[in-house]
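Coordinate inspection notes
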Amino acid sequence: MDWFIQTLWLVPIYPLVAFLLISLGRALPKPLAYDASEGHGHTDASEALPLLAKKEVAFALTSGATLMGLVHAIASIGWLFNQHNGVVAIEKNWQWLQAGDLVLKLGTLLDANTVMMLFVVTFISLFIQIYTHGYMNHDKGYAKFFGYLALFNFSMLGLVLSSNLIQTYMFWELVGVSSYLLIGFWFHKPAAAAASMKAFLVNRVGDFGFLLGILLLLGITFTSGFWHDYLSINPDQALLSFQGFMPMVGALAKGIPAWLLGLIGILVFMGSMAKSAQVPLHTWLPDAMEGPTPISALIHAATMVAAGVYLIARVFPLVAASTDITMPFITIIGVITAIVGATIAVTQTDIKKALAYSTMSQLGFMVTAMGLGAYTAGLFHLFTHAFFKAMLFLGSGSVIHACEGEQDMRKMGGLLKKLPVTGITYLIGTVAISGLFWTSGFWSKDEILAAAAHQHPVIYILLSATAGLTSFYMFRTFFMTFMGTYRGEAHVHKEDPVMTAPLAVLAVPSLLIGVLLSGFAFGLPAFGHYITHGLMSELSHHPHSLLDAMFNKVGNASQMVGLTGLVLAFAVYGMKLINTDTVKRVLAWPYELFRNKWFFDDVYQGLVEGGFMLIAQMSSTFDKVVIDGVVNGVGCITSGTGGLIRRLQTGRIQTYVTVLGLSVLALVVTYQVLMVKG
Amino acid sequence: MEFLLPILVGLPFLASGVFALMPTNPNPEADAKQLHWLAGIVSVVLMGVASVLAFGQGVGTNLTWVQPWLPKFGLSLAFGQDGLTATLVLLTTLLSLLAGIASITTIGKRLKLYYSLFFLLIGSVLGVFMARDLFLFFLFFELELIPMYLLITIWGGPRRDYAAMKFVLYTLAGSIFLVASILVLASISKGIGAPDQTLFLFSQLKQVASVIATNPQIEFYTQIFIFLGFFIAFSVKLPVVPLHTWLPDAHVEAPTPISMLLAGILLKMGAYGLLRFAFEWFPLAGKLLSPYIGLLALINIVYTAAIALVQTDMKKLIAYSSVSHMGFILLALAAYNATGITAAIFVMVAHGLVSAALFMGVGTLYGRTHSREIAVYSGVAQKTPVLFYFFLLMSMSSLGLPLLVSFAGESLTFYSGFISHSFNFIPLFGYGAIHLSIGGVTALSAIGVVLGAAYMLWLVKRVFFGPVSEACQQLKDATRSEVLVLGVLSMFVIGLGFFPSLLTAQFADSTTAIASQFTQAEAQLQKLTAPSQAAVALSDSASISSNQP
């Protein structure tokens, strides 16, 4: 048991090894039979392959590595349960790079946050890999896909375990590249190629801010001599460590102007904005649905996109220190994202796109919670959302797989009979995300609503309305897909048990994890008890008893709002009492706004093409015409009529030697002259 | 061990002669094979000698070998090694081997002459890095132009004459400033009575330089003029905007292995010169000029990255990206601290590996389709998966992906800028000032990170993704020799990316040496500016400064 805790650094290493072995297997020379099979897109010849290049081996390596990670995660849950407000964290650091006074370290930090994320990532990852075994079975890039999955797990687990902000930035970028590779997995499709690039670049814009935030924070503390003193007392600590440094930020912040502190907070938050698809850096997430569906479930719903919220949790003392600037900024961005995501989701006909906008909206809820200081509520929602959103995405994948690649919900319907397990688990997920009937989403979302009600009525009203909208659009997708009559042409296949088993497994936490960790069941302590104990508890703005009281008030109201959404969706899409075309006509203006995704993409395209690329083109012309023109002009003038250039261009070595000789002569003459003068 | 120093420099020249005088085998295929093998063996021997020198007596051993040459003129044959030299020599020999292997598929005619010039080039580059006599350095620095000029004009693309002549004239124009600086330095050396027989020895000139900086008898601005002479000469090589326009032309026209060497090691001669002479010898001038160097770095990074974005020619795109990356070296130097020096040297090596691989990748495609136009390509990844993975890896390194080699250099550059006190504003010669500190310049330079990702990923997307274009239907994947070159470079890119301290340990002694010069210069500057402050502060700081070594 203790061994698994002490060797946490192995957790990212397992998938890294799996990735390297799979890559090696793919790089090994292959017998001819394999080449032929690649050309035809099936893998009959897999017997002829070297061991490492086999599909089963790729699957075993990746899922085995994930399973090992899950064992560590479960051991660490045991460790957490044994903490009776004693040891709150275990941190280890190893030196990575030293340059001058600067020492960069990589390390592992185990605390309640880590335990939660470690479990979420490994647990969901493992079941998604099993699902993928079915989903990607006939794809010729099967082994490559599992290799990329392993690479993602390496990066994500490195990020989760990171002990300091600099390391977080490194793995932050690495999860970005795994996401890039997986979105562009079918890169022969132009849409996938474009989406992968967009995802990377939008994230780079966010990371640019994140990097500047890190640099500013480090620069200020470094030049003031803080680190010199601090590290001489604590030589094992890393720069910008979460455990050692972050809790001191509040005290340090008193010496920094408020605007600068706010700026640092906002810059670091920019990283979260891109990764967690917050307005205005959200546009990559819907496009990322071009990737295979298991990826949408794992990376773009459950784990990586939640990393933004996890980052805010990690640097919470930093953002919380700026109560007038950073915190309101985060709240506003979160609320806007929740609303924008939900409103667009209502108009989507592509099942994955609808789910993507729903993810964005839910991430907005989490970010809002962080901005309100409801630290535990935000993380709790991250936790529950990971399970039911992964399940919803896998459900959509099962539907798409059964409908031969069809993603348009207008060409679905009545699938519940043909895909019963998928339909029922999808319904569970829908109920959970709508926060109805004490499912997991109810508990976590209502904690956020309670925090909002406690802080500001306007935010509470906006979020409640969005929650109602969530229920409406999610039941809309359910009714359009699973109820009514089938409207598509594709032949619907049966469900694959390899794919439905993970759905069934994920349904359990989707239903129960909320109530189990709500603090009301079986004498189990609340989620927040684990998360806030230790250093963070002082920073969480609200005493728990107060929130509990608010929670009871908010709970009933939100159930009503959610039910309203359900009833409306049923009326429109289930019973067809209201014609959607009439609604579109009556609400033409908002409908157009939502359907066009609030015009973010159009504005950005205009900015990039009309502004950015224009400047680049102008620079290029300037370089060619002005700078190079001057150079060529000087060349012509010095050579008089240009005759010398012509003669020089004969390319004779003698010419060059003459030039060299002349310069040496010039050297000697000048030297003599200088000597005489000196 | 010292005796190996002249041997390492001499070997390539010897090889060059052997190639020139070798009898031709009547069977052209056997002849080619024989020449490639011989070239490979020479490069491996060079690598071996360089490794023995670098690691034989433990990392960071300083060696010098001096032999009087023409004592009447104060010239000596002096070669030496410290961390910086060893690092660059290792890089040079590695790239020499890899560029040699790359020549197998790219160089079709006059192989004997080719390899003769190739090793002349390698020899002069090694001479540049290892010379410990300034005049000898200058000779090697100029000598390198001859083989480079011929390699481009004989084996180059359609506009090779123009490109090669532009390259030579540019460098020669820069050399005028180098000559001026050398002369002034030598004359002052004579003037203060330093021994004539060793007039140009580094060790002596470094002392002279410190005399120039501290002796009140010598006009204060002398050091700045000498610094500027060095700076301009090496700015052409690095290159620094606006002295960069030779580079895209030269790259585009040069054959693939020569592009690899040009980007991989020839640009590093500029960076090496800046560090070795400008900054190490005249740290005070470097300190005073750092605001302008920072500004130039910013322009270099952002302006050329923007230009790279709209290139339609693959090689030009990568050439401009090279210029952009060289800006990081300038920025790291402008930060004026030990972290910055480490960053600068790290970027040199990282860029040497990555740009060589990128040019190799592009050259591989060019060799098959004879087109450098991006628009011609599409869907290449489906046809050449092996090449695609290598190119993707190198693109990722180029855009600064963590755990690949470029990241450590780039991020150290940024960190060095933000923990630096180098300057708080950029004075405009009595016309006010730009209120941009080193931190501000660094922050703006970080835009290059976004642009760098944009042009590299866009290139990958247009060339490798999407449906297969007509020109690429018959594309063959990388051959064994191409895989070897890219594979070896990938190993270094990943290995040094995961364990960058292996590299920083290699040149740590040079970092320390230059950093101590910086500290001294800062102390001196404090002394110089002290009188303008309050009387108490003056006496305090004066006593502090005088206590320092």
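From a predicted model like this one, the values you see are computed outputs, not experimental measurements. (Residues numbered from 1 in each chain as written. Chains lettered and ligands numbered in written order. Predicted model: local features only at pLDDT ≥ 70, side-chain atom pairs only at ≥ 80, totals over all residues. Heavy atoms only, no water.)

1. Points about the nonpolar core
The biggest cluster of nonpolar side chains holds 427 residues, and the ones touching the most others in it are I124 of chain A together with L134 and F137 of chain B. The greatest single-element share of this core, amounting to 18 residues, is contributed by helix α14 (residues 338–369) of chain B. Ignoring anything within four residues of it in the chain, the contact list for I124 of chain A reads F119, L298, A302, A386, F387, A390 and L506 of chain A. In terms of nonpolar packing, the next biggest core, distinct from the first, is built from 15 residues, A377, L449, I459 and A467 of chain A among them. (Core = buried A, V, L, I, M, F, W, Y, C linked by side-chain atoms within 4.5 Å. Buried < 20%, exposed > 50% of the residue type's maximum accessible area, 1.4 Å probe, protein only. Helix = DSSP H or I, 4+ residues; strand = E, 2+ residues; numbered from the N terminus. Contact = heavy atoms within 4.5 Å.)

2. Things to note about the packing of helix α2 (residues 10–27) of chain A against helix α4 (residues 55–81) of chain A
Residues and elements named next belong to chain A. Where α2 contacts α4, the axes come no closer than 8 Å and their chain directions differ by 175 degrees. Here α2 lies roughly antiparallel to α4, going by the angle between them. On α4, the residues that touch L10, V11, Y14, P15, A18, L21 and I22 of α2 are A58, L61, T62, A65, M68, G69 and H72. A per-class count over the contact of α2 with α4 returns 11 nonpolar, three polar and no charged. (Axes fitted to C-alpha atoms, helices over the stretch in contact; angles between N-to-C directions. Parallel < 35°, antiparallel > 145°, perpendicular 65-115°, else oblique. Nonpolar A, V, L, I, M, F, W, Y, C, P; charged D, E, K, R; others polar.)

3. Concerning a nonpolar patch on the surface
Residues and elements named next belong to chain A. Residues L568, F570, M575, L577, I578, V583, V586 and L587 make up a contiguous nonpolar surface patch of about 730 Å² in total accessible area. Contributing elements (two or more residues each) for the nonpolar patch: α25 (544–574) and α26 (580–586). When you line up the elements, M575 lands in the loop between α25 and α26. For M575, a relative accessible area of 45% puts it in the partly exposed group. (Patch = residues over 30% accessible without salt bridge, like charges linked within 9 Å, V, L, I, M, F, W, Y side chains within 5 Å. Areas by Shrake-Rupley, 256 points an atom, 1.4 Å probe, with all protein chains shown as cover. Salt bridge = Lys/Arg side-chain N within 4 Å of Asp/Glu carboxyl O.)

4. Structural notes on the confidence of the model for chain A
All names here are of chain A. Put simply, chain A has an average pLDDT of 81, and 83% of its residues get 70 or more. Element-level pLDDT for chain A is lowest in helix α3 (residues 32–40), with a mean of 42, against a maximum mean of 93 in helix α7 (residues 165–183). Across residues 533–543, confidence stays below pLDDT 50; counting only partners more than four residues off in sequence or on other chains, it has 27 contacts. (pLDDT = per-residue confidence, 0-100.)

5. Quick look at helix α5 (residues 112–135) of chain A
In an α-helix there are 3.6 residues to a turn, and that puts residues three or four apart on one side. The first and last C-alpha atoms of α5 of chain A sit 34 Å apart over 24 residues, in line with the 34 Å expected at 1.5 Å per residue. Capping the start of α5 of chain A is the job of one residue whose side-chain oxygen sits 3.2 Å from the backbone nitrogen of N113 of chain A: D111 of chain A. (Expected span 1.5 Å × (residues − 1). Polar contact = N/O pair within 3.5 Å; in protein donor to acceptor, adjacent residues only side chain to side chain.)

6. Observations regarding the pairing of strand β1 (residues 63–70) of chain B
It is a general feature of regular strands that their side chains alternate between the two faces of the sheet. All names here are of chain B. Inspection of the sheet shows β1 paired to strand β2 (residues 75–81) by seven bridges, in the antiparallel sense. Paired with P68 across the two strands is S76, which belongs to β2. Taken together, β1 and the strand that follows it, β2, pair antiparallel across an intervening segment of four residues, in which G74 is found at a positive phi of about 75 degrees. (Pairing = 2+ DSSP bridges.)

7. What to know about the packing of helix α13 (residues 293–302) of chain A against helix α18 (residues 375–402) of chain A
Residues and elements named next belong to chain A. One way to put it is that α13 packs onto α18 with a least axis distance of 8 Å and a crossing angle of 160 degrees. If you check the angle between α13 and α18, you find them roughly antiparallel. Relative to α18, the crossing made by α13 is right-handed. Note on element contacts: α18 touches α13 through H385, A386, K389, A390, F393, L394, S396, G397 and I400, opposite T293, P294, S296, A297, H300, A301 and A302. (Left-handed = near helix turned anticlockwise from the far one by under 90°.)

8. Description of the packing of aromatic side chains
Two aromatic rings, taken as a pair, are described by how far apart their centres are and by the angle between their planes. The tally for this structure, following the rule as stated, stands at 72 aromatic pairs over all chains. Between the aromatic rings of F185 of chain A and W186 of chain A, the centroid separation amounts to 6.2 Å while the plane-to-plane angle is 65 degrees, which identifies the pairing as edge-to-face. Overall, the relative accessible area of 4% leaves F185 of chain A in the buried class. Ring centres of Y115 of chain B and F118 of chain B lie 5.8 Å apart, and the angle between their planes is 75 degrees; this geometry places the pair in the edge-to-face category. (Phe/Tyr/Trp six-rings, centres within 6.5 Å; stacked < 30°, edge-to-face > 60°.)

9. So, the interface of chain A and chain B
Tallying the contact residues gives 67 residues for chain A and 78 residues for chain B. In this assembly, chain A packs against chain B so that about 6,300 Å² is buried in total across both faces, 78% of it on carbon and sulfur atoms. Across the chain A-chain B interface, the total number found is one salt bridge. Taking the shortest distance from any N to any O, the salt bridge between D628 of chain A and K166 of chain B comes out at 2.6 Å. Linking chain A with chain B are 12 residue pairs in polar contact (both at pLDDT 80 or more). In terms of residues, the side of chain A that touches chain B owes the most to one element, helix α8 (residues 190–223) of chain A, which gives 19 residues. By residue class, the composition of the side of chain A that touches chain B is 47 nonpolar, 13 polar and seven charged. (Buried area = accessible area lost by both parts, 1.4 Å probe.)

10. Details of the pattern of salt bridges
Close approach of charged atoms allows side chains with opposite charge to pair. Under the defined criterion, the tally for this structure stands at 17 salt bridges over all chains. Here K189 of chain A makes a salt bridge to E290 of chain A, at a shortest N to O gap of 3.7 Å. In this pair, K189 of chain A sits in the loop between α7 and α8 while E290 of chain A sits in the loop between α12 (284–287) and α13, placing the two residues 101 residues apart along the sequence. Judged by its relative accessible area of 32%, K189 of chain A falls in the partly exposed class. Given a relative accessible area of 24%, E290 of chain A falls into the partly exposed group. Two residues, E144 of chain B and K237 of chain B, come together in a salt bridge whose shortest N-O distance is 3.3 Å. Separated by 93 residues along the polypeptide, E144 of chain B in the loop between α5 (134–143) and α6 (145–155) and K237 of chain B in helix α9 (residues 221–237) bring together distant segments of the chain. For the pair formed by E144 of chain B and K237 of chain B, the shared burial category is buried. Members of the salt-bridge network, linked through shared partners, are D82, R132, K206, R276 and E280 of chain B.

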